[in-house]
Number of protein chains: 2
Amino acid sequence: MLSKSCFLGGIMKTQKIKKNLDVLKQLVAELKVIGTAASLLAWDQEVYMPVKGIKVRGKQLAYLSSLSHVKLISKQVGNAIKELKECKDDLDLKERALLRTLSHDYFKSIKVPKELVSELTETTTLEQRAWENAKNKSDFKIFSPYLSKIVKLKQRTCELIGFKDSPYDVLLDDYEPDITEKILDPLFSNLRDETVKLLKKIESSKIKVTEHLNLKLAIDDQKRLGQTILSYLGYELDAGRLDEAVHPFTIGMGSGDVRITTHYYEADFTKALYSTIHECGHALYEQGFDKVLELSGLDEAVSLGIHESQSRTWENIIGRSPEFIKFLLLQLRKMNTSALKGNNPENVVQAINKVKPSLIRIYADEITYNLHIILRYEIEKDLIKGKVKVHDLPELWNSKMKKYLGIMPKKDSEGVLQDVHWSHGSFGYFPTYSLGNIYASQFFAALRKHVSNVDQKITKGDFKPILQWMRDKIHKYGAIYTPSELCKRATGSELNIKDYIEYLTNKYSRIYKV
Amino acid sequence: MLSKSCFLGGIMKTQKIKKNLDVLKQLVAELKVIGTAASLLAWDQEVYMPVKGIKVRGKQLAYLSSLSHVKLISKQVGNAIKELKECKDDLDLKERALLRTLSHDYFKSIKVPKELVSELTETTTLEQRAWENAKNKSDFKIFSPYLSKIVKLKQRTCELIGFKDSPYDVLLDDYEPDITEKILDPLFSNLRDETVKLLKKIESSKIKVTEHLNLKLAIDDQKRLGQTILSYLGYELDAGRLDEAVHPFTIGMGSGDVRITTHYYEADFTKALYSTIHECGHALYEQGFDKVLELSGLDEAVSLGIHESQSRTWENIIGRSPEFIKFLLLQLRKMNTSALKGNNPENVVQAINKVKPSLIRIYADEITYNLHIILRYEIEKDLIKGKVKVHDLPELWNSKMKKYLGIMPKKDSEGVLQDVHWSHGSFGYFPTYSLGNIYASQFFAALRKHVSNVDQKITKGDFKPILQWMRDKIHKYGAIYTPSELCKRATGSELNIKDYIEYLTNKYSRIYKV
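Residue positions are given per chain, counting from 1 as you read along its sequence in written order. Chain A is the first chain written and ligand 1 is the first ligand written, with later ones labelled in order. Local features in a predicted model are, by the rule used here, given only for residues with pLDDT of at least 70; side-chain atom pairs are given and counted only at 80 or more, and totals for whole chains, interfaces and linings are based on all residues.

Section: the overall build of chain A
Secondary structure counts use DSSP, requiring at least four H or I residues in a row for a helix and at least two E residues in a row for a strand, with both numbered from the N terminus. Along its length, chain A carries 20 helices and three strands. Note that the radius of gyration is over C-alpha atoms, with the globule rule given as 2.2 Å times the number of residues to the power 0.38. Taken over C-alpha atoms, the radius of gyration comes to 24 Å for chain A, in line with the 24 Å a tight globule of 514 residues would show. C-alpha extents for chain A along the principal axes are approximately 80 × 55 × 50 Å. Note on burial: count the other C-beta atoms lying within 10 Å of the residue's C-beta; 20 or more is buried, 12 or fewer is exposed, in between is partly exposed, and C-beta positions come from the backbone. Within chain A, the proportion of its 514 residues that are buried is 42%. With C-beta atoms placed from the backbone, a contact is any residue pair whose C-beta atoms sit within 7 Å. Sequence separation of at least 24 residues holds for 72% of the intrachain contacts in chain A that already meet a minimum separation of 6.

As structure tokens, then:
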């Protein structure tokens with residue numbers, strides 16, 4: 001039996017927890033409403049906004065972003081977080097997750113003074129313009145002073161936020177909580193070595209990939225095809241849209257409104273098709289958050305790596321499989337188009353999975369793609385740690401390209417200047433692409449153990465059981481579990497490249513007959 | 001020479017004015033940024049939002065609206081307004097206008113307690129559903145208890161805000177500052193009598209309007225035609241868009257982004273065409289606000305009547321003129337369509353300007369349109385003043401229809417239930433439609449004195465000088481001048497129906513040969 005004072009203490013504690021949780025719940029609901037409004041403004045800017053709308057749009061987005069920031073860093077929120085941390089054990093799963101995600105954002109925000117945030121924003125704005133200019137002229141010197149400045153600002157940010165092993169961990173954590181250099185170093189060096197081995201094996205194949213595919217398809221037919229495929233994959237068209245944008249992207253405004261964009265090229269319908277399937281994978285994740293999580297702050301992707309695992313699953317593991325291509329050919333015949341007509345299905349599979357080292361990351365095949373990422377990872381972590389200087393980047397880039405991919409860019413616009421990320425100050429972002437590939441293969445290997453006849457299902461266009469597994473094991477949880485918890489629960493294993501190497505080996509041995 | 005103390009007093013006064021103006025300028029910039037963000041959300045809801053997006057959208061709009069409200073009614077704003085009112089004479093034209101518009105909104109907002117605002121919102125939400133249901137079933141009894149409640153709430157609002165002569169003036173002022181029952185009563189009764197006379201004259205005409213026009217046009221061709229006409233009229237397509245919506249509307253997010261929508265009917269291209277021209281008139285107004293007014297709070301339409309004058313000018317005075325129809329026929333021939341092919345131009349002009357009393361306001365011709373408005377005006381002002389009871393409305397409606405238009409609805413869905421306005425609680429809105437017609441004819445008569453050969457210009461599609469006059473005399477001022485100041489400055493006269501009756505008489509005598 002409890003003494004009276006202890007009992008009262010218990011009630012008071014519960015009331016305090018409730019009060020603090022209410023503060024945080026109110027905050028995340030507000031942040032979500034503001035954030036999703038900003039998402040619509042951002043979507044419209046890329047899709048439908050007339051050019052002269054940009055001035056007011058910039059002010060709207062800046063206003064909403066600063067409003068969210070002010071709400072997040074309030075004293076009341078800080079106190080609630082501190083008090084809740086002291087009685088973590090009394091919180092349930094979702095409450096702990098809410099505390100985890102909010103305190104992550106809160107502490108990262110309060111440790112960086114307003115002046116530094118402004119300086120970062122201003123610098124990246126100038127830097128991005130410099131990068132565009134530098135890329136157009138293929139002249140790294142135009143970009144390097146800005147890149148140097150942003151590296152210094154990022155280093156200062158990392159110092160202020162604090163870290164255990166490496167300042168670069170602070171930046172990784174922006175996109176992928178749980179992941180550190182210590183985890184990535186062995187993971188990526190193994191992946192790099194295994195990939196280089198695989199690449200050599202594939203390059204020894206006698207298969208000559210055809211370049212004569214009928215890829216032309218009228219834009220209207222491509223749109224129809226896109227809608228058909230989306231609806232087969234399980235994308236809810238009454239909870240989303242497919243529009244056109246220069247650079248395809250997915251953006252969610254709650255699970256009831258997750259929009260995707262693509263870009264059409266009449267000469268090659270597979271470009272829009274695979275970008276649509278990729279974005280659809282992202283969208284299926286966000287449409288799949290449990291409805292009870294709406295506006296709870298947990299109706300969010302838990303990390304970019306997990307997000308990317310979903311897009312890569314649908315684009316690569318499913319979309320580029322021989323089984324899916326069989327299904328696709330049937331759809332094209334049903335639509336009565338001439339696309340891929342008369343092409344041998346085996347040749348189509350080979351062409352869509354052609355492996356060839358190339359200079360540009362976004363055009364890379366599944367095998368060489370990760371080499372592009374690992375190269376960037378190795379460079380950017382040393383840049384942040386001060387082991388590499390900005391002016392050495394072009395040479396370093398080129399020598400790594402030569403070493404890993406066996407080719408070298410003739411100009412920096414096809415080398416170190418090709419990606420927009422560093423001009424945004426987005427260091428730590430690139431690794432999430434490869435993490436997405438790795439997670440995707442781990443998830444899919446686990447799925448194969450629970451869903452029977454996956455390949456036959458794909459051929460038939462029966463994607464429901466696949467989506468259902470993803471919903472049950474990944475999507476519905478939103479940000480409740482951390483990426484590593486999610487991976488462990490869904491697959492029984494920690495993050496590792498075994499399944500990925502096995503997937504790549506099986507797939508390409510079969511296609512390239514090696 | 002000024003004494004030292006007075007001089008210091010002068011400096012202190014100037015500083016105080018500056019400080020208070022800064023408060024208001026900061027506020028309106030914020031309100032504008034929030035308001036235009038809300039506008040995009042509202043636009044998207046009508047045009048592109050997937051159905052399942054509605055839940056979050058509602059929360060976003062409610063949040064932004066309450067954010068604006070809280071900002072507006074702050075103590076700091078109230079003090080700034082009070083202090084500035086005391087030294088009005090020291091303010092320049094724009095500063096006075098800013099004070100006028102802000103204090104208008106401020107005092108109307110603080111006088112209505114939060115509970116009443118919520119009750120109004122809740123009631124109109126329920127009421128609107130009841131109205132839809134009542135209209136579908138053509139059963140006024142379903143609607144009347146809700147209408148009674150909203151009338152009571154509106155009466156209470158009017159009492160709280162206060163008025164000199166009539167509570168209805170408070171509601172008129174929501175849409176049309178400067179306008180009161182005292183002004184409208186004689187204006188509208190004259191207009192009603194003159195219109196009835198004109199109608200009788202037209203009905204005596206021997207002209208038999210043809211019903212055999214080739215109005216069919218493929219939607220894609222209608223879209224092309226719309227874009228062509230918009231660009232002729234001077235609508236800046238890089239500062240706006242034309243999209244589809246169930247009910248056509250215009251929405252502005254700063255003068256650099258003013259979007260219009262229309263609705264296409266394949267069987268009759270003139271429906272979308274004239275709705276596009278109408279909305280274009282609204283949009284030209286908003287695109288024409290002086291760029292220096294951006295985010296100043298004066299980059300707003302000064303009233304709905306003035307706004308409507310612009311849409312009616314382009315739709316009716318210009319768009320339905322024999323000269324414009326000549327120009328339109330040429331465009332259709334250039335586009336190589338069969339629309340209006342083989343139809344005699346004179347018959348087309350008659351058909352597009354056919355006068356015939358009808359039950360539904362939105363299908364009414366230029367002559368009978370105002371009778372529909374005046375009927376509503378007479379009813380709603382007495383409703384608010386308590387002179388008429390809700391349950392008497394159907395009978396009152398029908399008897400006025402009989403008296404003014406000579407026809408009577410067989411069911412309430414074609415009578416008192418036809419419009420959405422009262423179900424929104426929008427009493428005082430209807431008169432702005434007729435005010436728009438009146439202002440439009442006054443402006444156009446003044447324009448004819450300064451722009452030569454207007455009719456020839458319209459035939460040639462040379463709308464630039466017309467738009468330029470509107471820009472110079474109306475658009476660029478935004479909300480700087482009140483409607484009556486604007487009218488006086490642009491036309492030399494006060495609001496009056498002389499030009500309007502002259503315009504109608506000339507136009508219809510010519511078309512109907514009476």
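Back to the write-up after that little detour.
Concerning helix 20 (residues 498–512) of chain A
An α-helical segment advances 3.6 residues per turn. Residues three or four places apart therefore align on the same side. Residue and element names in this part refer to chain A. The end-to-end C-alpha distance of helix 20, which contains 15 residues, comes to 21 Å, matching closely the 21 Å that a straight helix rising 1.5 Å per residue would cover. Looking at the packing, one finds that the buried side of helix 20 touches helix 8 (181–203), helix 11 (304–318), helix 13 (345–352), helix 14 (366–384) and helix 16 (431–450). Note on helix 20: the residue one or two positions beyond its end, K513, has a positive phi of about 50°. What a helix is expected to span follows from its residue count: subtract one and scale by 1.5 Å.

Topic: the interface of chain B and chain A
Contact with chain B, which involves 26 residues of that partner, is made by 26 residues of chain A. Every element with two or more residues in the side of chain B that touches chain A is listed here: helix 1 (4–47) and helix 2 (54–72) of chain B. A breakdown of the residues in the side of chain B that touches chain A according to their chemical character gives 13 nonpolar, six polar and seven charged. Residues are grouped as follows: nonpolar covers Ala, Val, Leu, Ile, Met, Phe, Trp, Tyr, Cys and Pro; charged covers Asp, Glu, Lys and Arg; every other residue, Gly included, is treated as polar.

Let's talk about the packing of helix 14 (residues 366–384) of chain B against helix 16 (residues 431–450) of chain B
All names here are of chain B. Convention adopted: a line fitted to C-alpha atoms gives each axis, helices being fitted over their contacting stretch, and angles between N-to-C directions are expressed from 0 to 180 degrees. At a closest axis distance of 8 Å, the pairing of helix 14 and helix 16 adopts a crossing angle of 140°. When the axis of helix 14 is compared with that of helix 16, the two are oblique. Seen from above, helix 14 lies across helix 16 with left-handed handedness. Side by side, helix 14 and helix 16 meet where N370, I373, I374 and Y377 of the first sit next to P431, Y433, S434 and N437 of the second. Any angle that falls under 35 degrees is termed roughly parallel, while one over 145 is termed roughly antiparallel, one within 65 to 115 roughly perpendicular, and all others oblique. By the definition used in this description, the sense in which the near helix is turned from the far one sets the handedness, with an anticlockwise turn below a right angle giving left-handed and a clockwise turn giving right-handed.

Details of the pairing of strand 3 (residues 258–262) of chain A
Residue and element names in this part refer to chain A. The element strand 3 is largely enclosed, with a buried count of five among its five residues. In this description, strands pair whenever DSSP reports at least two bridges between them. For strand 1 (residues 242–244) and strand 3, the ladder comprises three bridges, and the chain directions are parallel. Within the sheet, the bridge partner assigned to L242 lies in strand 3 and is I260. In this sheet, strand 3 lies alongside strand 2 (residues 250–252) in antiparallel orientation, the contact comprising three bridges. Within strand 3, the position partnered with T250 by the bridge is I260. Connecting strand 2 to the antiparallel partner strand 3 that follows it, the hairpin turn spans five residues, and G254 within it adopts a positive phi of roughly 90°.

Observations regarding the sheet that holds strand 2 of chain A
Residue and element names in this part refer to chain A. If you walk across this open sheet you meet the three strands as 1-3-2, and the pairing is mixed. Bordering the open sheet on either side are strand 1 and strand 2, each of which pairs with just one other strand. In this sheet, neighbouring strand axes are inclined to one another by 25° on average, regardless of whether the strands run parallel or antiparallel. Against the sheet, helix 10 (residues 269–287) touches strand 1, strand 2 and strand 3, its axis set at about 170° to strand 3.

A closer look at the relation of the copies chain B and chain A
With an RMSD of 0.0 Å, the operation that places chain B on chain A is a rotation of 180° combined with a shift of 0.0 Å along the axis. Here the transformation between the copies is reduced to the relation of a two-fold axis. The fit set for superposing copies consists of C-alpha atoms from residues with pLDDT of at least 70 in both; the fit itself is least squares.

Concerning the sheet that holds strand 1 (residues 242–244) of chain B
Residues and elements named next belong to chain B. The sheet built from three strands is open, its strands ordered 1-3-2 with mixed pairing. In this open sheet, the two strands that pair with only one neighbour each are strand 1 and strand 2 (250–252). The mean angle between the axes of side-by-side strands here comes to 25°, regardless of whether they run parallel or antiparallel. In the packing of helix 10 (residues 269–287) onto the sheet, the strands contacted are strand 1, strand 2 and strand 3 (258–262), and the crossing angle to strand 3 comes to about 170°.

A few points about helix 8 (residues 181–203) of chain B
Here helix 8 of chain B is 23 residues long and its end C-alpha atoms lie 31 Å apart, about the 33 Å a rise of 1.5 Å per residue gives. Where the residues of helix 8 of chain B are buried, they touch helix 7 (167–175), helix 14, helix 15 (393–405), helix 16 and helix 20 (498–512) of chain B.

Some points on the environment of L332 of chain A
Residues and elements named next belong to chain A. As for its placement among the helices and strands, L332 is situated in helix 12 (residues 322–334). According to the C-beta neighbour criterion, L332 is buried, with 20 such atoms within 10 Å. Along the primary structure L332 and D221 are separated by 111 residues, whereas in three dimensions their C-alpha atoms are 9.6 Å apart. When sequence neighbours within four positions are dropped, the list of residues in contact with L332 reads T337, A339 and L340.

A look at unusual backbone geometry
All names here are of chain B. In this model, S138 sits at a positive phi of 50°, which is unusual for a non-glycine residue. Structurally, S138 is set in the loop between helix 5 (114–137) and helix 6 (140–161). Its identity as a non-glycine residue notwithstanding, N453 has a phi of 45°, on the positive side. With respect to the secondary-structure elements, N453 resides in the loop between helix 16 and helix 17 (454–460). With 12 C-beta atoms packed within 10 Å, N453 lands in the exposed category.

A closer look at the packing of helix 5 of chain B against helix 6 of chain B
Residues and elements named next belong to chain B. Contact geometry for helix 5 and helix 6: axes closest at 8 Å, N-to-C directions at 155°. When the interaxial angle is binned, helix 5 and helix 6 end up roughly antiparallel. Crossing of helix 5 over helix 6 shows left-handed handedness. On helix 6, the residues that touch L116, E119, L120, T123, T124, L126, E127, A130, W131, N133, A134 and K137 of helix 5 are F140, I142, F143, Y146, L147, K149, I150, L153, R156 and T157. In terms of residue class, the contact of helix 5 with helix 6 is built from 13 nonpolar, four polar and five charged.

Side note on the nonpolar core
Definition of nonpolar core: a set of buried Ala, Val, Leu, Ile, Met, Phe, Trp, Tyr and Cys residues joined via C-beta atoms within 7 Å. Residues L233, C280 and L486 of chain A are the most contacted members of the largest nonpolar core, which totals 115 residues. The greatest single-element share of this core, amounting to 10 residues, is contributed by helix 14 of chain A. Apart from the residues lying within four places of it in its own chain, the contact partners of L233 of chain A are C280, L284, W314 and F463 of chain A. If you look at the next biggest cluster of nonpolar residues, it comprises 113 residues, including L184, I229, L298 and I379 of chain B.

A short note on the confidence of the model for chain A
Residues and elements named next belong to chain A. Mean pLDDT for chain A: 95, with 98% of residues reaching 70 or above. Below a pLDDT of 50 lies the segment residues 1–8, which in the model reaches one contact outside its immediate sequence neighbourhood of four places, other chains included. Quick note on the complex model: pTM equals 0.93, ipTM equals 0.92. The predictor attaches a confidence to each residue, called pLDDT, with possible values from 0 through 100.

Structural notes on the environment of K334 of chain A
In this fold, K334 of chain A is placed in helix 12. Remark: the alpha-carbon pair of K334 of chain A and H247 of chain A, spanning 87 residues in sequence, is separated by 29 Å.

Here we look at the environment of E119 of chain B
Here E119 of chain B shows up in helix 5. Each C-alpha atom, one on E119 of chain B and one on L153 of chain B, is 8.1 Å from the other, the two residues being 34 residues apart in sequence.

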